[in-house]
Amino acid sequence: MSEKTIKLEIATPERVVLTEAIAQITVPTRDGEITILPGHIPLVASLRAGVIHIKKENDEPEIISTSGGFIEVLMDKIVILADTAEMAAEIDLARAEEAHRRAEEMKTNLRHQDDVDFAEVNAAIERELARTHAVKRWRNIKSISGNREDKSE
Ligand code: ATP
């Protein structure tokens, strides 16, 4: 692995989502988005629900949605332990939109904002929004790269 890349591992309690050498990663932390390049100082941060942007070793993009977790940046690798994470290409958009609709409906039926269910329903909304944003971002990237290929032919 060259010094222009760093190994990335993304795992959930269910599975390993990605292990790959990457050139750059941008993650949504509780204090805002951060971009990490090889050689970054070690850090640990808490992730919120959102979209992870990755630039792979060959400059290819990768988009991943997460519902939150932790990122640990070490000298030789970056580890993300996520509650849930999906590569954009494997997200079922209709399922995410339907789950989002159900969560919004539950929210309107909750009477008190201090209801314990309120935090759960808000987390579900954030999780499904992250999934739909990831799919839309991914489609956008693919259509831009498709247009570039068409013009170069
Ligand atoms: P649903 O109500 O549709 O099951 P959920 O938000 O309750 O959604 P989670 O508990 O967050 O689902 O996730 C359960 C598993 O299903 C995880 O492995 C997650 O990665 C996967 N998953 C959830 N939603 C989607 C989706 N829209 N597309 C692909 N995988 C999904």
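A quick note: this is a predicted structure, and the numbers were derived from the prediction, not measured.

Attention now goes to the overall build of the chain. What the chain contains, in helices and strands, is two helices and nine strands. Taken from N to C terminus, the helices and strands of the chain fall in the order β-β-β-β-β-β-β-β-β-α-α. Dimensions along the principal axes, computed over C-alpha positions, put the chain at roughly 55 × 45 × 25 Å. Relative to its 153 residues, the chain shows a buried fraction of 39%. Of the contacts formed within the chain by residues at least 6 apart in sequence, a portion of 54% connects residues at least 24 apart. Of the roughly 9,400 Å² of accessible surface on the chain, a fraction of 49% belongs to carbon and sulfur atoms. Charge centroids of the chain, computed over 21 positive and 29 negative side chains, lie 3 Å from each other.

Moving on: the domain arrangement of the chain. How big an interface is tends to be reported as the loss of accessible area on association of its parts. Partitioning the chain into structural domains gives domain 1 (6-88) and domain 2 (92-152). A separation of 19 Å is found between the C-alpha centroids of domain 1 and domain 2. Together domain 1 and domain 2 conceal approximately 920 Å² of surface at their shared face, both sides included; 74% is due to carbon and sulfur atoms. Among the residues of domain 1 in contact with domain 2, Pro61, Ile63 and Ala88 are the three that bury the most area, contributing 39% of the side total. Counting every contact that joins domain 1 to domain 2 gives one salt bridge. In this structure, the salt-bridge partner of arginine 131 is glutamate 86, at a minimum N-O distance of 2.9 Å. At the surface where domain 1 touches domain 2, the tally comes to one residue pair in polar contact (both at pLDDT 80 or more). For the side of domain 1 that touches domain 2, the secondary structure elements donating two or more residues are β5 (50-56) and β6 (61-66). Ranked by the residues each element gives to the side of domain 1 that touches domain 2, the list is headed by β6, at five residues. Its residues assigned to classes, the side of domain 1 that touches domain 2 comprises five nonpolar, six polar and two charged.

According to the stated counting rule, one finds 10 salt bridges in the structure shown. With a closest N to O distance of 3.3 Å, glutamate 9 and lysine 7 form a salt bridge. The exposure class of glutamate 9 is partly exposed, given its relative accessible area of 22%. Overall, the relative accessible area of 33% leaves lysine 7 in the partly exposed class. Taking the shortest distance from any N to any O, the salt bridge between glutamate 90 and arginine 15 comes out at 2.5 Å. One end of the pair, glutamate 90, is in the loop between β9 (85-87) and α1 (93-109); the other, arginine 15, is in the loop between β1 (6-11) and β2 (16-29), and 75 residues separate them in sequence. Given a relative accessible area of 32%, arginine 15 falls into the partly exposed group. Linked through salt bridges whose partners overlap, the residues forming this network are Glu98, Arg101, Arg102 and Glu105.

What counts, and at which threshold
Residues numbered from 1 in each chain as written. Predicted model: local features only at pLDDT ≥ 70, side-chain atom pairs only at ≥ 80, totals over all residues. Heavy atoms only, no water. Helix = DSSP H or I, 4+ residues; strand = E, 2+ residues; numbered from the N terminus. Buried < 20%, exposed > 50% of the residue type's maximum accessible area, 1.4 Å probe, protein only. Contact = heavy atoms within 4.5 Å. Areas by Shrake-Rupley, 256 points an atom, 1.4 Å probe, with all protein chains shown as cover. Lys, Arg positive; Asp, Glu negative; His and termini not counted. Charge placed at Lys NZ, Arg CZ, Asp CG, Glu CD. Domains from an automatic or database assignment. Buried area = accessible area lost by both parts, 1.4 Å probe. Salt bridge = Lys/Arg side-chain N within 4 Å of Asp/Glu carboxyl O. Polar contact = N/O pair within 3.5 Å; in protein donor to acceptor, adjacent residues only side chain to side chain. Nonpolar A, V, L, I, M, F, W, Y, C, P; charged D, E, K, R; others polar.

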